[in-house]
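Survey of secondary and tertiary structure
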Amino acid sequence: MEQEAAREDADSQPTYRIERPVYSEALIRSKLLSRKENSITLRERLANHFRCSSARARAAVLSFLPILTWLPSYPVRRFLFSDVVSGLSTGVVQLPQGLAYAMLAAVPPVYGLYSSFYPVLLYTFFGTSRHISVGTFAVMSLMIGGVAVREAPDDMFNVLPANASNMSATVDTEARDARRVQVAVMLTTLILFGVLRFGFVTIYLTEPLVRGFTTAASLHVFVSQLKYLLGVKTQRFCGVLSIVYSLKAVLWNITSTNVATLILGLVGIVFLYLVKYVNERFKKKLPVPIPGEIIVVMVSTGVSYGLSLSDDYMVDVVGKIPTGLLPPAAPDFSLFPRLITDSFTVAIVGFSMDISLAKTFALKHGYSVDGNQAIWLVACAASVLLGLDYGLLVAVFPKSSVLGHVPGTGLYYDVDEYEEAAEYEGIKIFHSNSSIYFANSDLYVTSLKEKTGVNPEHIQAARKARKKQEAKANDNHSSPPQICVKYGKQEVTREVSSDNHVAVQHINGPVGDSCPDVDSEVVHLKTPNAVHSIVLDWTPVTFIDSVGAKAIKQVSKEYAAVGVRVVIAACSRSLLAELDTLQFFTGVMTPDVMFPTVHDAVLHCHHSGSCPVAVAAVAAPPPVEELS
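Residues numbered from 1 in each chain as written. Predicted model: local features only at pLDDT ≥ 70, side-chain atom pairs only at ≥ 80, totals over all residues. Heavy atoms only, no water.

Some thoughts on the overall build of the protein chain
If you tally the helices and strands in the protein chain, you get 22 helices and 12 strands. The buried share of the protein chain, taken over its 628 residues, is 35%. In the form shown here, the protein chain has an accessible surface area of approximately 38200 Å², with 61% of it arising from carbon and sulfur atoms. (Helix = DSSP H or I, 4+ residues; strand = E, 2+ residues; numbered from the N terminus. Buried < 20%, exposed > 50% of the residue type's maximum accessible area, 1.4 Å probe, protein only. Areas by Shrake-Rupley, 256 points an atom, 1.4 Å probe, with all protein chains shown as cover.)

Remarks on the side chain of Ser533
By the element assignment, Ser533 lies in strand β10 (residues 533–537). A distance of 2.8 Å separates polar atoms of two side chains, one belonging to Ser533 and the other to His532. Beyond its immediate chain neighbours, meaning those up to four positions away, Ser533 contacts Gly426, Ile427, Lys428, Val564, Arg565 and Cys605. (Polar contact = N/O pair within 3.5 Å; in protein donor to acceptor, adjacent residues only side chain to side chain. Contact = heavy atoms within 4.5 Å.)

Observations regarding unusual backbone geometry
Its identity is not glycine, yet Ala570 carries a phi of approximately 60°, on the positive side. Its place among the elements puts Ala570 in the loop between β11 (565–569) and α21 (573–581). Of note, Gln583 is a non-glycine position whose phi angle comes to about 55°, a positive value.

Here we look at the environment of Pro407
You can see Pro407 is positioned in the loop between β3 (400–406) and β4 (411–414). Once the C-alpha coordinates of Pro407 and Ala422 are considered, the two residues, 15 residues apart in sequence, prove to be 8.2 Å apart.

Brief notes about helix α12 (residues 259–281)
If you check α12, its first and last C-alpha atoms are 33 Å apart, about what 23 residues at 1.5 Å a residue would give, namely 33 Å. Of all the positions in α12, only Thr261, Gly268, Val275 and Asn279 are classed as buried. Capping of α12 at its N-terminal end is provided by Asn258; its side-chain oxygen lies 3.1 Å from the backbone amide nitrogen of Ala260. (Expected span 1.5 Å × (residues − 1).)

Notes on the packing of helix α18 (residues 441–452) against helix α20 (residues 546–561)
Where α18 contacts α20, the two axes come as close as 9 Å, and the packing angle between them is 30°. Here α18 is positioned roughly parallel relative to α20, judged by the angle of their axes. When you trace α18 past α20, the crossing you get is right-handed. Contacts from Ser441, Tyr444, Val445, Leu448, Lys449 and Thr452 of α18 reach α20 at Val547, Gly548, Ala551, Ile552, Val555, Glu558 and Tyr559. When its residues are assigned to classes, the contact of α18 with α20 shows 8 nonpolar, 3 polar and 2 charged. (Axes fitted to C-alpha atoms, helices over the stretch in contact; angles between N-to-C directions. Parallel < 35°, antiparallel > 145°, perpendicular 65-115°, else oblique. Left-handed = near helix turned anticlockwise from the far one by under 90°. Nonpolar A, V, L, I, M, F, W, Y, C, P; charged D, E, K, R; others polar.)

Remarks on the pattern of salt bridges
Applying the stated criterion across every chain yields a total of 12 salt bridges. Taking the shortest distance from any N to any O, the salt bridge between Arg338 and Glu151 comes out at 2.6 Å. A residue pair is termed long-range when its members are at least 10 positions apart, and Arg338 in helix α15 (residues 336–365) and Glu151 in helix α8 (residues 138–151) qualify at 187 residues. On the basis of relative accessible area, Glu151 is assigned to the buried category, the value being 8%. (Salt bridge = Lys/Arg side-chain N within 4 Å of Asp/Glu carboxyl O.)

A closer look at the environment of Asn279
Tracing the backbone through its elements, the reader meets Asn279 in helix α12. Overall, the relative accessible area of 16% leaves Asn279 in the buried class. Note: C-alpha distance between Asn279 and Pro291 (12 residues apart in sequence) is 9.3 Å. Contact partners of Asn279, with chain neighbours within four places excluded, come to Leu286, Pro289 and Ile290.

A look at the confidence of the model for the protein chain
Averaged over every residue, the pLDDT of the protein chain is 75; residues scoring 70 or more account for 73%. Under a pLDDT of 50 for its full length, residues 486–528 has, in the predicted model, 117 contacts with residues more than four places off or in other chains. Considering only residues more than four positions removed or in separate chains, one finds that residues 610–628, a stretch of pLDDT under 50, has 44 contacts. (pLDDT = per-residue confidence, 0-100.)

Quick look at the structure:
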């Protein structure tokens, strides 16, 4: 019965039949294919690459200062109030968070406030993410604190009281803190250079590795805060088994718990949990979230002052916080040799977490993030000062291409290389001569979007622009709005009609710096062809890991959201078994998207047409002799 059912299913599928000679490579080269002649000389390529123009100069300035791309056209009435509320909410959280994370970094609490101010100011001008909050971070603070304690331990600053030989030594906390601040400042300086020079190493940090690291770091943070919650005095440990020694020290001294400190801490934790619950439960009714963190700081400060908790109950307080900002000072470069290794570790971890969070928001809201932005000027200066041998890194990237069909053969070749290879309308076939794993998964996805000219983020931006123009037309009851879409060197003004379709009004030649003088929304796309299917040729792919599999699933989900189907062709049986082990076939990825050959995948895309939510596309019919 199962065989009969399988036979019936197979009979319902489209079939293709091809009669052709058996080709050898010699026959293919002599009779079938001819390479395209490249009319552009090397001199012309170099001249075009280094050509200076006003458009390139403007692009360079906007790339260096992204704030210039959005500030001149910032919609004050639409965004100002919500942005002010968001800024205040973030600042309210950053205030107590900065004070607490400074203690994790083993420096006076006021330095947490400094760290909450300067990064936000710089990121406003140089950052490309619109949603992440730049400031103190628990994991990095803990890592910096471990280095600071290692380089400036308490026993380095023991002071014996004058004329009191029988008394135990005390720690000169002022000198100790000053030294730890120097260590933290120098480490932060090296972290900056670490991000500039070795940020590329983040691609080798697999997601399981980063998640495992952050989970372990959260345990370190929790254990490090126990002594402050209980109000016990313990030594700060660093190095191997530091978490075990810290927990042991807290439990050993638990009988000396300060009850007032414990009560105050527990009340604050319960209050913050309740505020979080209320904010989540009634977020649609509340005009702004309840600032629980700043309320805790203000109330606890008032209670501490009113009841003299520090003097009468021995509750630790932050103490005096100096007003204003400290003048700039150069770091202590004598610490350079001892901190260079630590700086790379902290830089890689911090950068990988920040860029992954920024990419998540960028994908959700339809814009792109430049991970090499928060750096050109400093990188250039570093190369000049430290030498080109350190500043120059040569990377070898795998070759990728878009394939086209050679009529009547069932063979597919690079359309840029062979004249006979032609693309099917509405279908892009992407080929990359490498496996897909944690080290190159980002590169594979980026190359896929660039080569095919189909970027889900740009399509989402075009749709948002269309909806915006539709809403504007409905409000004004005027003539249909227009969207100016720039496809490479072509400029197309599209008119938004009432039935939610877009009709081409006119096509211009090479574009200038602006669209025609119409009230239009400008959207940049690479190709005007409506693509409804993308075929991934996995003939060269011999290995895929969990990071690569997730990258493929994620990009397929992105394409599905804009009506573009992704199918996979020529996957080996061993690779299919690996995908089963990785639980790859869930969500948008099912075994129905896997095909034994590229030709099977192409004909399936022709037969099925575009996805239900796909953009309007008219696919050219395949050759008659191939599809029945």
